[in-house]
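Summary of the model geometry
Listed below are the residues making up each chain.
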Amino acid sequence: RSGRTVVIVSGDVHWGRISECRLDNGTRLLEVVSSPLTLSDWGFSRAGCPWTPSPTPFEAAGLHGEVTTHRGPDGEPYRPAYDHFCTLEFSKDDAGVRMRVRHWRVDDAPPEGAVVFEAVL
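The structure displayed is predicted, hence computed values, not measured ones. (Residues numbered from 1 in each chain as written. Predicted model: local features only at pLDDT ≥ 70, side-chain atom pairs only at ≥ 80, totals over all residues. Heavy atoms only, no water.)

What about the overall build of the chain?
Here is the rule: Secondary structure elements follow DSSP: runs of H or I no shorter than four residues count as helices, runs of E no shorter than two count as strands, and numbering proceeds from the N terminus. Working definition: with a 1.4 Å probe on protein chains only, accessible area under 20% of the residue-type maximum means buried, over 50% means exposed, and in between means partly exposed. Contacts between residues were defined by any pair of non-hydrogen atoms, one from each residue, lying within 4.5 Å. All accessible areas in this document rest on Shrake-Rupley with a 1.4 Å probe, and a residue is counted as covered only by the protein chains that are shown.
Assigned secondary structure in the chain consists of 1 helix and 7 strands. Each helix (α) and strand (β) of the chain, taken in turn from the N terminus, gives the series β-β-β-α-β-β-β-β. The buried share of the chain, taken over its 121 residues, is 26%. Look at the contacts in the chain between residues 6 or more apart in sequence, and 46% of them connect residues 24 or more apart. As presented, the chain carries roughly 7800 Å² of accessible surface, and 52% of it is formed by carbon and sulfur atoms.

Notes on the nonpolar core
Heads up, the condition is: By nonpolar core is meant a set of buried Ala, Val, Leu, Ile, Met, Phe, Trp, Tyr and Cys residues that side-chain atoms within 4.5 Å join together.
Within the largest apolar cluster, 10 residues are counted, these being Ile18, Leu30, Val32, Tyr78, Cys86, Met99, Val101, Val116, Phe117 and Ala119. Of all the secondary structure elements, the ones that give two or more residues to this core are β3 (28-34), β6 (96-105) and β7 (114-120). Of the residues forming this core, the biggest block, 3 residues, is contributed by β7. If we skip the residues at most four places from it in the chain, Met99 touches Val7, Leu30, Val32, Leu88, Glu89, Phe90, Phe117, Glu118, Ala119 and Leu121.

Structural notes on the sheet that holds β7
For clarity, the cut-off: We call two strands paired when DSSP finds no fewer than two bridges between them. The convention used is that axes are lines fitted to C-alpha atoms, helices contributing only their stretch in contact, and that angles between N-to-C directions extend from 0 to 180 degrees.
Reading across from one edge, β5-β6-β7 is the order of the 3 strands in this open sheet, with antiparallel pairing throughout. Edge positions in the sheet fall to β5 (84-93) and β7, since each of these pairs with one other strand and no more. Strand-to-strand, the axes of this sheet are offset by a mean angle of 20°, without reference to chain direction. Where β6 and β7 come together, 6 bridges link them in antiparallel fashion. Looking at the pairing, Arg100 lines up with Glu118 of β7.

Observations regarding the layout of surface pockets
A probe as big as a water molecule, rolled over the atoms, marks out the empty space that is left. Convention followed: The method works on a 1 Å grid over the protein atoms by themselves. A cavity is a set of points holding a 1.4 Å probe that cannot get out, a pocket is an open set with protein on both sides within 12 Å along at least five of seven lines, and residues with an atom within 4 Å of a point line them. Grid points are joined across faces, edges and corners, and a volume is the space filled by probe spheres set on the points. In this classification, Asp, Glu, Lys and Arg are treated as charged, Ala, Val, Leu, Ile, Met, Phe, Trp, Tyr, Cys and Pro as nonpolar, and every other residue, Gly included, as polar.
In this structure, the second largest pocket encloses a volume near 170 Å³. Forming the boundary of the second largest pocket are Gly72, Pro73, Asp74, Glu76, Pro77, Tyr78, Arg79, Pro80, Tyr82, His103, Ala114 and Val116. Looking at side-chain class alone, the lining of the second largest pocket contains 7 nonpolar, 2 polar and 3 charged residues.

Some details on the environment of Gly96
Positionally, Gly96 belongs in strand β6. By relative accessible area, Gly96 is classed as partly exposed at 27%. Along the sequence, Gly96 and Val120 sit 24 residues apart, while their C-alpha atoms lie 6.3 Å from each other. Ignoring anything within four residues of it in the chain, the contact list for Gly96 reads Ser91, Val120 and Leu121.

This is the structure we're talking about:
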(Lines give C-alpha, C1' and ligand atoms only; values in the text may rest on other atoms or scores of the structure.)
Protein backbone atom coordinates (compact mmCIF):
# COMPACT_ATOMS: atom_id res chain seq x y z
CA ARG A 1 0.00 0.00 0.00
CA SER A 2 2.98 2.34 0.40
CA GLY A 3 3.45 2.87 -3.33
CA ARG A 4 7.21 2.51 -2.85
CA THR A 5 9.36 -0.02 -4.67
CA VAL A 6 9.90 -3.25 -2.73
CA VAL A 7 12.87 -5.51 -3.49
CA ILE A 8 12.46 -9.20 -2.64
CA VAL A 9 15.71 -11.18 -2.47
CA SER A 10 15.68 -14.97 -2.37
CA GLY A 11 17.97 -17.92 -2.95
CA ASP A 12 18.65 -21.59 -2.28
CA VAL A 13 16.02 -22.69 -4.78
CA HIS A 14 18.36 -24.07 -7.47
CA TRP A 15 17.46 -21.55 -10.16
CA GLY A 16 17.64 -17.81 -10.70
CA ARG A 17 15.58 -15.01 -12.21
CA ILE A 18 14.84 -11.31 -12.02
CA SER A 19 11.16 -10.42 -12.23
CA GLU A 20 9.01 -7.40 -11.65
CA CYS A 21 5.36 -6.93 -10.83
CA ARG A 22 3.56 -3.61 -10.98
CA LEU A 23 0.50 -3.63 -8.79
CA ASP A 24 -2.66 -1.76 -9.67
CA ASN A 25 -1.77 1.00 -7.17
CA GLY A 26 1.60 1.57 -8.91
CA THR A 27 3.72 -0.24 -6.35
CA ARG A 28 6.69 -1.90 -8.01
CA LEU A 29 7.83 -5.29 -6.69
CA LEU A 30 11.28 -6.45 -7.85
CA GLU A 31 12.22 -10.09 -7.29
CA VAL A 32 15.88 -11.14 -7.43
CA VAL A 33 16.43 -14.89 -7.09
CA SER A 34 19.94 -16.34 -7.07
CA SER A 35 21.07 -19.79 -6.09
CA PRO A 36 24.69 -20.87 -5.76
CA LEU A 37 23.98 -24.51 -6.56
CA THR A 38 22.06 -25.84 -9.54
CA LEU A 39 19.58 -28.63 -9.40
CA SER A 40 21.46 -31.87 -8.85
CA ASP A 41 19.38 -34.78 -10.07
CA TRP A 42 21.24 -37.22 -7.86
CA GLY A 43 20.50 -35.08 -4.81
CA PHE A 44 16.78 -35.08 -5.42
CA SER A 45 16.78 -38.77 -6.28
CA ARG A 46 18.58 -39.61 -3.06
CA ALA A 47 16.24 -37.41 -1.06
CA GLY A 48 13.26 -39.20 -2.61
CA CYS A 49 11.51 -36.07 -3.83
CA PRO A 50 10.70 -35.16 -7.43
CA TRP A 51 12.07 -32.14 -9.25
CA THR A 52 9.56 -29.41 -10.08
CA PRO A 53 10.05 -26.30 -12.24
CA SER A 54 10.19 -22.83 -10.70
CA PRO A 55 6.82 -21.22 -10.02
CA THR A 56 5.58 -18.33 -12.11
CA PRO A 57 6.84 -15.02 -10.66
CA PHE A 58 4.62 -13.82 -7.80
CA GLU A 59 2.26 -16.78 -8.34
CA ALA A 60 2.54 -18.07 -4.76
CA ALA A 61 1.60 -14.68 -3.32
CA GLY A 62 -1.52 -14.46 -5.47
CA LEU A 63 -0.52 -10.99 -6.67
CA HIS A 64 -2.20 -9.53 -9.68
CA GLY A 65 -0.56 -7.00 -11.94
CA GLU A 66 1.74 -6.71 -14.93
CA VAL A 67 4.59 -9.24 -14.52
CA THR A 68 7.88 -8.98 -16.41
CA THR A 69 10.78 -11.43 -16.36
CA HIS A 70 13.84 -9.32 -17.10
CA ARG A 71 16.34 -10.20 -19.79
CA GLY A 72 20.07 -10.64 -19.38
CA PRO A 73 22.78 -8.98 -21.47
CA ASP A 74 22.31 -11.62 -24.19
CA GLY A 75 18.67 -10.59 -24.68
CA GLU A 76 17.31 -13.87 -23.34
CA PRO A 77 15.20 -14.04 -20.18
CA TYR A 78 17.56 -14.06 -17.19
CA ARG A 79 17.03 -17.59 -15.84
CA PRO A 80 20.42 -19.23 -15.18
CA ALA A 81 20.24 -22.97 -14.52
CA TYR A 82 23.87 -23.44 -13.54
CA ASP A 83 26.00 -22.68 -10.48
CA HIS A 84 25.95 -18.92 -9.92
CA PHE A 85 25.39 -16.19 -7.39
CA CYS A 86 24.43 -12.53 -7.54
CA THR A 87 25.52 -9.48 -5.63
CA LEU A 88 23.38 -6.38 -5.22
CA GLU A 89 25.00 -2.96 -5.43
CA PHE A 90 23.23 0.17 -4.18
CA SER A 91 24.38 3.71 -4.89
CA LYS A 92 23.02 7.23 -4.67
CA ASP A 93 21.34 8.53 -7.82
CA ASP A 94 19.84 11.96 -8.50
CA ALA A 95 16.46 10.26 -8.93
CA GLY A 96 16.77 8.06 -5.82
CA VAL A 97 18.72 4.88 -5.16
CA ARG A 98 20.28 2.91 -8.02
CA MET A 99 20.34 -0.87 -7.68
CA ARG A 100 22.55 -3.09 -9.82
CA VAL A 101 22.41 -6.88 -9.88
CA ARG A 102 25.77 -8.40 -10.77
CA HIS A 103 25.83 -12.04 -11.91
CA TRP A 104 28.77 -14.36 -11.16
CA ARG A 105 29.34 -17.86 -12.53
CA VAL A 106 30.76 -20.16 -9.87
CA ASP A 107 32.84 -22.08 -12.43
CA ASP A 108 34.61 -18.96 -13.82
CA ALA A 109 38.30 -18.69 -13.01
CA PRO A 110 39.03 -15.90 -12.39
CA PRO A 111 35.44 -14.85 -11.70
CA GLU A 112 34.06 -12.01 -13.78
CA GLY A 113 30.81 -10.44 -12.69
CA ALA A 114 28.45 -8.92 -15.24
CA VAL A 115 25.67 -6.44 -14.52
CA VAL A 116 22.46 -8.20 -15.57
CA PHE A 117 19.93 -5.71 -14.21
CA GLU A 118 19.87 -2.08 -13.19
CA ALA A 119 17.05 0.09 -11.87
CA VAL A 120 16.44 3.32 -9.99
CA LEU A 121 14.30 2.61 -6.94
